Amino acid sequence: MCIRDRPQWRGPERDGQAPGDAWSQTLSGLQPSWRVELGKGYPGPVVTTDKVYVVETVDRYTVGVRALSRDTGALLWRTPWTGSGSVPFFARATGDWVRSPPAWDGSTLFVGDMSEVLVALDGETGVELWRVDFPNRYGTPVPEFGFASSPLVAGAFVFIQAANSLGNLDKHTGHTVWRSLEIDTGIARNGAFSSPVLATLAGTEQLIALN
């Protein structure tokens, strides 16, 4: 991974920092290298050595992922799937768009859609490797405001706040390793707008989550 890679939400360490040389204090003189129009959505891009992965709402019933060339913006592959979702009427002005920022571990892209489904895609081809439908697996409701938590990849695991809980999945299969911090269902409780982080506190690596 080079210093300008952005494999997940808020950067390599999920702390909003960009390691390496300091950025310029001004954008004066910079010219766009390329431009690609996207469907609507909240997730930021995942940037790797040679690719840019973007997630978009294709239409009311479809979410999609595109892999673009980092150098040219050329389309390398596109993978859509049915992934509808609708927020309450009072929040609809800000969009029924896909929310969850994806994560990349060097070979696999982990993408969540509005209906609280997590999909693992092969980073080179876009082929689906596995998917987890959290409401179906745990009998929990689809979040009123959609799936917003960003997956955290650590070692062989994917940590995610979904199904009104904090979950640990085997990143190779999507099988549940454990589930914790379960809460009761109910409006304004279903789903999570927070994402877990890893931190070393008092000399011990810990998983930090807000429920």
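All values reported here derive from a predicted model rather than from experimental measurement.

Engineer: Explain the side chain of Ser-195 here, please?
Structural biologist: Relative to the helices and strands, Ser-195 resides in the loop between strand E12 (176-180) and strand E13 (197-201). Here Ser-195 falls in the buried class, since its relative accessible area comes to 13%. In terms of polar contacts, Ser-195 uses its side chain to reach the backbone amide nitrogen of Ser-150, at 2.8 Å. With residues near it in sequence (within four places) discarded, Ser-195 still touches Trp-9, Arg-14, Ala-148, Ser-149, Ser-150 and Gln-161.

Engineer: Hey, could you run me through the nonpolar core in this one?
Structural biologist: The nonpolar side chains of soluble globular proteins are, as a tendency, buried together. Formed by 15 residues in total, the largest nonpolar core has its most connected members in Tyr-53, Val-65, Trp-81, Leu-109, Val-111 and Leu-121. Secondary structure elements with two or more residues in this core: strand E2 (51-59), strand E3 (62-69), strand E4 (75-82), strand E6 (108-112) and strand E7 (117-122). Membership of the second largest hydrophobic core comes to 14 residues, among which are Phe-134, Val-153, Val-158 and Ala-162.

Engineer: Sorry if this is basic, but what is going on with the pattern of salt bridges here?
Structural biologist: If charged atoms from side chains of opposite charge come close, those side chains can pair. Under the criterion given, the structure shown has eight salt bridges. Ionic pairing is found between Asp-50 and Lys-51, a salt bridge with its closest N-O pair at 3.4 Å. Overall, Lys-51 belongs to the buried group, its relative accessible area being 6%. Between Lys-171 and Asp-105 there is a salt bridge, with the nearest N and O atoms lying 2.9 Å from each other. Of this pair, Lys-171 sits in the loop between strand E11 (165-170) and E12 while Asp-105 sits in the loop between strand E5 (103-104) and E6; the two residues are 66 residues apart in sequence, bridging distant segments of the chain. The class for Lys-171 is buried, based on a relative accessible area of 15%. Through salt bridges with shared partners, one network takes in Asp-50, Lys-51 and Glu-124.

Engineer: Teacher, can you tell me more about the sheet that holds strand E10 (residues 157-162) here?
Structural biologist: Strand pairing in a sheet is mediated by backbone hydrogen bonds. Such pairs are either parallel or antiparallel. Taking strand neighbours across the sheet as the criterion, the four strands line up as E9-E10-E11-E12 in an open arrangement whose pairing is antiparallel. In this open sheet, the two edge strands, each paired with only one partner strand, are strand E9 (152-154) and E12. The sheet shows a mean angle of 20° between the axes of neighbouring strands, direction not considered. Taken together, the six bridges between E10 and E11 define a ladder with antiparallel strand orientation. Among the inter-strand pairings, Val-158 is bridged to a residue of E11, identified as Leu-169.

Engineer: Would you mind going over the pairing of E13 with me for this structure?
Structural biologist: Along a regular strand, successive side chains alternate from one face of the sheet to the other. As paired strands, E13 and strand E14 (residues 204-208) are joined by five bridges and run antiparallel to one another. Among the inter-strand pairings, Val-197 is bridged to a residue of E14, identified as Ile-208.

Engineer: Help me understand the packing of aromatic side chains, please; the structure alone is not making it clear to me.
Structural biologist: Describing an aromatic ring pair means giving the distance of the ring centres and the angle of the ring planes. With the rule as written, the count across this model stands at seven aromatic pairs. Centroid distance Tyr-53 to Trp-77: 5.9 Å. Interplanar angle 45°. Geometry classified as tilted. Taken together, the residues span a long stretch of sequence, with Tyr-53 in strand E2 and Trp-77 in strand E4 at a distance of 24 residues. Relative accessible area serves as the criterion here: at 7%, Trp-77 is assigned to the buried category.

Engineer: Just checking my understanding: could you explain the environment of Val-55 for this structure?
Structural biologist: When you line up the elements, Val-55 lands in strand E2. A C-alpha to C-alpha distance of 8.9 Å links Val-55 and Arg-99, two positions 44 residues apart in sequence. Filtering out sequence-adjacent residues up to four positions away, Val-55 remains in contact with Pro-43, Val-63, Gly-64, Val-65, Val-98, Pro-102 and Val-111.

Conventions adopted
- Residues numbered from 1 in each chain as written.
- Predicted model: local features only at pLDDT ≥ 70, side-chain atom pairs only at ≥ 80, totals over all residues.
- Heavy atoms only, no water.
- Helix = DSSP H or I, 4+ residues; strand = E, 2+ residues; numbered from the N terminus.
- Buried < 20%, exposed > 50% of the residue type's maximum accessible area, 1.4 Å probe, protein only.
- Polar contact = N/O pair within 3.5 Å; in protein donor to acceptor, adjacent residues only side chain to side chain.
- Contact = heavy atoms within 4.5 Å.
- Core = buried A, V, L, I, M, F, W, Y, C linked by side-chain atoms within 4.5 Å.
- Salt bridge = Lys/Arg side-chain N within 4 Å of Asp/Glu carboxyl O.
- Pairing = 2+ DSSP bridges.
- Axes fitted to C-alpha atoms, helices over the stretch in contact; angles between N-to-C directions.
- Phe/Tyr/Trp six-rings, centres within 6.5 Å; stacked < 30°, edge-to-face > 60°.

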